[in-house]
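# Reading the structure
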Amino acid sequence: MELANLLGVHVQTVRTWASNGLAPLSSEVHRPLFLGQTVKSYLSQQQNARKVKLQAGEFYCLRCRKAVTPALVTEVDRHVLIGKQKDSILLTAHCPQCDCPVNKFSSRISTTQKGKYATNA
Ligand SMILES: [Zn+2]
C-alpha cells in the first residue's frame, strides 16, 4: 500500500519527508519503499523536534510559534474537576509580541498548597 494513502497525506508530503531525511529501503526513485519502523521513528523524531517545553508562567503563541511570557493573565473557571478533585481553569492572556490571544488549561492550586508558592501572590 502506498505510504501516502496509508497515512492519509499527499504524495508530495512523503517526497518532502524523503528529501528531509526519511531513508527509503531501496534506491528506487519512482516507487521508493519505506520500512514501517523507519517511518514511525522519523515521524516521532520530527514531532519531538517541534515540542516546546513551557516554564512556569509561559504560554505557547501559535502565531509566533514559540513560548512567550504575557504580563497579564486571566483565570477563567471551567467548573470542571480534574485529577485529585482540583478545579480545572483556563488561563487566558495576550502574546506580548503579536498581541494574539494565548490560552492554556491548568488546575487551581488549593489555598493550602498556595502557601508553598508565596512569591506568586
Ligand atoms: Zn505571538
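All of these numbers come straight from a predicted model, not from anything done at the bench. (Residues numbered from 1 in each chain as written. Predicted model: local features only at pLDDT ≥ 70, side-chain atom pairs only at ≥ 80, totals over all residues.)

## As for the overall build of the protein chain
- From N to C terminus, the protein chain includes four helices and five strands.
- Counting only residues that meet the buried cut, the protein chain has 8% of its 121 residues in that class. (Helix = DSSP H or I, 4+ residues; strand = E, 2+ residues; numbered from the N terminus. Buried ≥ 20, exposed ≤ 12 C-beta atoms within 10 Å, placed from the backbone.)

## Here we look at unusual backbone geometry
- In this model, Arg65 sits at a positive phi of 55°, which is unusual for a non-glycine residue.
- Relative to the elements of secondary structure, Arg65 occurs in the loop between strand E1 (59-61) and strand E2 (66-68).
- By C-beta crowding, Arg65 is classed as exposed, having 9 other C-beta atoms within 10 Å.
- Even without a glycine there, the phi angle at Gln85 is positive, about 55°.
- By the secondary structure assignment, Gln85 is in the loop between strand E3 (74-82) and strand E4 (86-94).

## Some thoughts on the environment of Glu2
- One can find Glu2 in the segment before helix H1 (3-7).
- Under the C-beta neighbour-count criterion, Glu2 is labelled exposed, with 9 such atoms within 10 Å.
- Expressed as a C-alpha distance, the spacing of Glu2 and Pro32, which sit 30 residues apart in the sequence, is 9.7 Å.

## A word on the nonpolar core
- Judged by nonpolar contacts, Phe59, Cys61, Val68, Ala93 and Val102 together constitute the single largest core of five residues.
- When sequence neighbours within four positions are dropped, the list of residues in contact with Val102 reads Phe59, Tyr60, Cys61, Val68, Pro70, Ala93, His94 and Cys95. (Core = buried A, V, L, I, M, F, W, Y, C linked by C-beta atoms within 7 Å. Contact = placed C-beta atoms within 7 Å.)

## A few points about the sheet that holds E3
- With antiparallel pairing, three strands are arranged side by side in an open sheet as E3-E4-E5. This sheet does not close on itself; its edge strands, each paired only once, are E3 and strand E5 (101-107). On average, adjacent strands in this sheet sit at an angle of 20° to one another, irrespective of strand direction.
- With seven bridges connecting them, E3 and E4 associate as antiparallel partners. Bridging across to E4, Leu81 finds its partner in Asp87. (Pairing = 2+ DSSP bridges. Axes fitted to C-alpha atoms, helices over the stretch in contact; angles between N-to-C directions.)

## Notes on the pairing of E3
- Of all nine residues in E3, zero are buried, a share of ten percent or less.
- A loop of three residues connects E3 with E4, the two strands running antiparallel in sequence, and Gly83 in this loop sits at a positive phi of about 50°.

## So, the confidence of the model for the protein chain
- For the protein chain, mean pLDDT is 86; residues scoring 70 or higher make up 88% of the total.
- Of all secondary-structure elements in the protein chain, the lowest mean pLDDT belongs to helix H4 (residues 111-114), at 47, while E1 reaches the highest, 96.
- When the criterion is pLDDT under 50, residues 111-121 qualifies, and its contacts beyond four places in sequence or with other chains add up to two contacts. (pLDDT = per-residue confidence, 0-100.)

## Quick notes on the pairing of E4
- Relative to E5, E4 is paired through seven bridges, and the arrangement is antiparallel. Paired with Thr92 across the bridge in E5 is Asn103.
- Between E4 and E5, which pair antiparallel in sequence order, lie six residues; one of them, Asp99, sits at a positive phi of approximately 65°.

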